[in-house]
Amino acid sequence: MRKTRMWLALLLALGALASCINPTLPVTKPDDEFRIGLIAPLTGTRELSGQGLLRGAELAVEEANANGGLLVGESKVRVHLLVEDNHSSAELSVDAAQRLVDQGVVAVVGPATSANAIPTAEWLNQAYTLMIAPVSSNPETTRNKRYVFRMIATDDRQAKVLAEFAFEDLAVQRAAVLYIQNDIYSSFLADVFETTYTELGGAIVASEAVDAEIVEAETGEITAQLERIKAQAPELLLLPNLAYLVPAIVHQARAVGLDIPILGADSWASIPLTALDQDFDNTYFSSAWSPTMQNERAQAFRTAFVQKYNAQPTAAEALTYDAFNLLFSAAQHEGNFTTRALLKGISLMESFEGVSGKATYLGQGDPIRDMGIIAIRNGKHQFVKMVEP
């Protein structure tokens, strides 16, 4: 009976949603090509994540164009990828979005970080152009934006999952946090983790903020903050920081004697496996993707990626690959690739099965999806558990 009521509610929601897709809204009319833009940091300090987005996009488009193109309705269409480098800048991300819209894209994938994705999402939503954020997890990216979707869970859910894992699974009572104060991703995760962990009954014994510029500097020393954390005798350290900053912080934490479990967020999934030395033993992170995932789609993607790039895919590649395939699935679902058709396809699709798992949107920009907990042991990812929504 409970399942019957749930499905009735779902059908009513879908019906209401279909009626809300206003046919008078502006529509980006496609030509003979399915034009999709990608905004990524291809130069600068965050080039690593940008290259991940680019590789995921390239592989998805290459596969779609195999055998004459993507079958949409009764015709095959070529997918045309247009790429813009935002240099890890919010202003340049918006400029890139404008250029892509001027070139006739019906959707944009990216940017990577929430700091860049939020203003870009605002502009694209006002331009009636779809945006799929593959790795931006801040709630503001999609909030009140009908044309914006994401591939991963929001930071508030992620932080709650991390707090529950620390308190219930690792059974630690005293936690410390070190976050990047000038980064919305890091500071938001830290805030929600601290609130949730305290509500569960744990104690936040230290909370330290550092500037990204300090960590990035040649010396990059944050010993003072880590020593203050150590003095409070925590049983766990949370580092909800961007991937390119994490190795330096982990090394310094171990160097000052913080030989305790370290917990990270989904950005950790983009750290190259070659960077995971012995200091990363006894660390964990949340993620929608890991090369250790055993489902058939994930393994097929991993095989194709290794064959093309001779490297293991990270979350950035997998989630960008999924973002493009979400657009392809929406076009095939509706038999068209206008902006309106793609919006309707994503909104009304019962579920999307990607390499990172199953996602359901039901007319909202944030997917209902599982989240994994991954451990790092001997330089490799080890699957720990999957947390259902």
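1. Concerning the overall build of the protein chain
No. 1: For the protein chain, the helix and strand inventory stands at 12 helices and 16 strands.
No. 2: The burial tally for the protein chain puts 54% of its 389 residues in the buried class.
No. 3: Looking at the protein chain alone, contacts between residues at least 24 apart form 67% of all its contacts between residues at least 6 apart.
No. 4: Only carbon and sulfur atoms are counted for the fraction: they give 49% of the accessible area of the protein chain, which is about 16200 Å².
No. 5: Of the charged side chains in the protein chain, 30 are positive and 46 negative, and the gap between their average positions amounts to 8 Å.

2. Comments concerning the confidence of the model for the protein chain
No. 1: Per-residue confidence for the protein chain averages 89 on the pLDDT scale, and 91% of its residues sit at or above 70.
No. 2: Across residues 1-30, where pLDDT falls below 50, the model places 35 contacts with residues more than four positions away in sequence or in other chains.

3. Points about the packing of aromatic side chains
No. 1: Taken as a whole and assessed by the stated rule, the structure comprises 14 aromatic pairs.
No. 2: When the centroid spacing of 5.5 Å and the interplanar angle of 10° are considered together, the rings of Phe193 and Tyr197 count as stacked. Highlighted residues: Phe193 and Tyr197, both in helix H6 (residues 184-200), separated by 4 residues, approximately one helical turn.
No. 3: Residue classification places Tyr197 among the buried residues on the basis of a relative accessible area of 0%.
No. 4: Connected via pairs of aromatic rings, a cluster forms that spans Trp289, Phe301, Phe305, Tyr309 and Tyr321.

4. Structural notes on the pairing of strand S1 (residues 33-40)
No. 1: Most of S1 is tucked away: 6 of the 8 residues are buried.
No. 2: Here S1 pairs with strand S4 (residues 107-109) via 3 bridges, running parallel. Bridge pairing in S4 places Leu38 opposite Val109.

5. Concerning the pattern of salt bridges
No. 1: Overall, the coordinates contain 10 salt bridges when judged by the stated rule.
No. 2: Between Lys145 and Glu122 there is a salt bridge, with the nearest N and O atoms lying 3.7 Å from each other. Note that Lys145 is positioned in the loop between strand S5 (130-133) and strand S6 (148-150) and Glu122 in helix H4 (residues 114-126), a separation of 23 residues in sequence.
No. 3: With a relative accessible area of 38%, Glu122 lands in the partly exposed category.
No. 4: Across the salt bridge formed by Arg228 and Glu208, the nearest N and O atoms sit 2.8 Å from each other. In this pair, Arg228 sits in helix H8 (residues 223-231) while Glu208 sits in strand S8 (residues 203-210), placing the two residues 20 residues apart along the sequence.
No. 5: Here Arg228 falls in the partly exposed class, since its relative accessible area comes to 44%.
No. 6: Glu208 sits in the buried class, given a relative accessible area of 14%.

6. Topic: unusual backbone geometry
No. 1: For the bond from Gly110 to Pro111, the omega torsion is -5°, close enough to zero to count as cis.
No. 2: Within the secondary structure, Pro111 sits in the loop between S4 and H4.
No. 3: Of note in this structure, Ser88 is not a glycine but carries a positive phi near 60°.
No. 4: Residue position: Ser88 is located in the loop between strand S3 (75-85) and helix H3 (90-102).
No. 5: What makes Ser88 partly exposed here is its relative accessible area of 22%.

7. Structural notes on the layout of surface pockets
No. 1: Counted as a void, the second largest pocket has a volume near 250 Å³.
No. 2: In terms of lining residues, the second largest pocket is bounded by 18 residues, among which Arg55, Pro272, Leu273, Gln312 and Thr314 are the most central.
No. 3: The set of elements that each furnish at least two residues to the lining of the second largest pocket consists of helix H2 (47-65) and helix H11 (315-334).
No. 4: Among the elements that make up the lining of the second largest pocket, the one with the highest residue count is H2 (4 residues).
No. 5: Here the lining of the second largest pocket is composed, by residue class, of 9 nonpolar, 7 polar and 2 charged.

8. Side note on empty space enclosed by the protein
Space left empty within the atom packing is revealed by a probe, the size of a water molecule, rolled over the atoms.
No. 1: Counting across every chain of the model gives 3 cavities of 30 Å³ or more.
No. 2: Here the largest cavity defines a volume of roughly 310 Å³.
No. 3: Around the largest cavity, the lining comprises 22 residues; the ones closest to its centre are Ser49, Val135, Leu242, Ser267 and Ser270.
No. 4: Elements with a minimum of two residues in the lining of the largest cavity: H2 and H11.
No. 5: Residues that form the lining of the largest cavity fall into these classes: 12 nonpolar, 8 polar and 2 charged.

Rules used throughout
Residues numbered from 1 in each chain as written. Predicted model: local features only at pLDDT ≥ 70, side-chain atom pairs only at ≥ 80, totals over all residues. Heavy atoms only, no water. Helix = DSSP H or I, 4+ residues; strand = E, 2+ residues; numbered from the N terminus. Buried < 20%, exposed > 50% of the residue type's maximum accessible area, 1.4 Å probe, protein only. Contact = heavy atoms within 4.5 Å. Areas by Shrake-Rupley, 256 points an atom, 1.4 Å probe, with all protein chains shown as cover. Lys, Arg positive; Asp, Glu negative; His and termini not counted. Charge placed at Lys NZ, Arg CZ, Asp CG, Glu CD. pLDDT = per-residue confidence, 0-100. Phe/Tyr/Trp six-rings, centres within 6.5 Å; stacked < 30°, edge-to-face > 60°. Pairing = 2+ DSSP bridges. Salt bridge = Lys/Arg side-chain N within 4 Å of Asp/Glu carboxyl O. 1 Å grid on protein atoms, 1.4 Å probe; cavity = no way out; pocket = protein on both sides within 12 Å on 5 of 7 lines; lining within 4 Å. Points joined across faces, edges and corners; volume = space filled by probe spheres on them. Nonpolar A, V, L, I, M, F, W, Y, C, P; charged D, E, K, R; others polar.

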